[in-house]
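Residue-level structure breakdown
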Amino acid sequence: MREHTGSRGVDIVLAPVGGDRFTDSLRALAPEGRLVVLGFTGGDIPTVKVNRLLLHNITVLGVGLAEVLPNDPGYPRRQWAELYPLLADGTLTVPEPTVHDLADAAEALSELESRAVIGKIVLLTRGPGEGAGQP
């Protein structure tokens, strides 16, 4: 990541995993970067040593849509009204998923663990004659 950013770091990290990946995500941030906590699929809920925040002037932000919707049901509509134009004009792009057959699930998990994947991994569960090649 540092190679790709000229050692600067990234501006935003979306962090759905938690656990030991959390500290690595903090280290990946550029000065004034933001880490957005989306969940803890890794199981462990990490802690933040706040001196890291001060040293690099970075922010950790928690985002829980389930907490927003009851108080602001129009939020998703407003959010997508801002995002759609950015997607349409190419300002934001969504990476194509990496696709594996279900039989290669171990390889897919290995790619996730080694951080070789950008975006999502899709496992194909249908066999021949059942819409093979469809996620």
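Refer to the structure presented above.
Residues numbered from 1 in each chain as written. Predicted model: local features only at pLDDT ≥ 70, side-chain atom pairs only at ≥ 80, totals over all residues. Heavy atoms only, no water.

1. Examining the pattern of salt bridges
Scanning the model with the defined rule gives three salt bridges in all. As a salt-bridge pair, Asp 24 and Arg 27 come within 3.4 Å of each other at their nearest N and O atoms. Separated by three residues within a single helix, Asp 24 and Arg 27 lie in helix H1 (residues 21-28), roughly one turn from each other. In this structure, Asp 72 engages Arg 78 in a salt bridge whose closest nitrogen and oxygen atoms are separated by 2.5 Å. Owing to a relative accessible area of 23%, Asp 72 belongs among the partly exposed residues under this scheme. (Salt bridge = Lys/Arg side-chain N within 4 Å of Asp/Glu carboxyl O. Helix = DSSP H or I, 4+ residues; strand = E, 2+ residues; numbered from the N terminus. Buried < 20%, exposed > 50% of the residue type's maximum accessible area, 1.4 Å probe, protein only.)

2. Topic: helix H4 (residues 75-88)
Its 14 residues give H4 an end-to-end C-alpha distance of 20 Å, which sits within 8% of 20 Å, the value for a rise of 1.5 Å per residue. Phi turns positive one or two residues past the end of H4, at Gly 90, with a value near 85°. (Expected span 1.5 Å × (residues − 1).)

3. Some words on H1
Buried residues of H1: Phe 22, Ser 25, Leu 26 and Ala 28, and no others. Along the axis of H1, the buried residues cluster in a sector spanning 160°; they form a single face. (Arc of directions from axis to C-beta.)

4. A few points about a nonpolar patch on the surface
Together, Trp 80, Tyr 84, Leu 86, Leu 87, Leu 92 and Val 94 line one region of the surface with nonpolar side chains, adding up to about 560 Å² of accessible area. Position of Leu 86 relative to the elements: it lies in helix H4. You can call Leu 86 partly exposed: its relative accessible area is 32%. (Patch = residues over 30% accessible without salt bridge, like charges linked within 9 Å, V, L, I, M, F, W, Y side chains within 5 Å. Areas by Shrake-Rupley, 256 points an atom, 1.4 Å probe, with all protein chains shown as cover.)

5. Points about unusual backbone geometry
We note that Ser 7 has phi near 70°; this positive angle belongs to a residue other than glycine. Position of Ser 7 among the secondary structure elements: in the segment before strand S1 (10-15). Overall, Ser 7 belongs to the exposed group, its relative accessible area being 54%. Even without glycine at this site, Glu 32 takes up a positive phi of about 70°.

Geometric descriptors of this kind do not, in isolation, establish any biological role.
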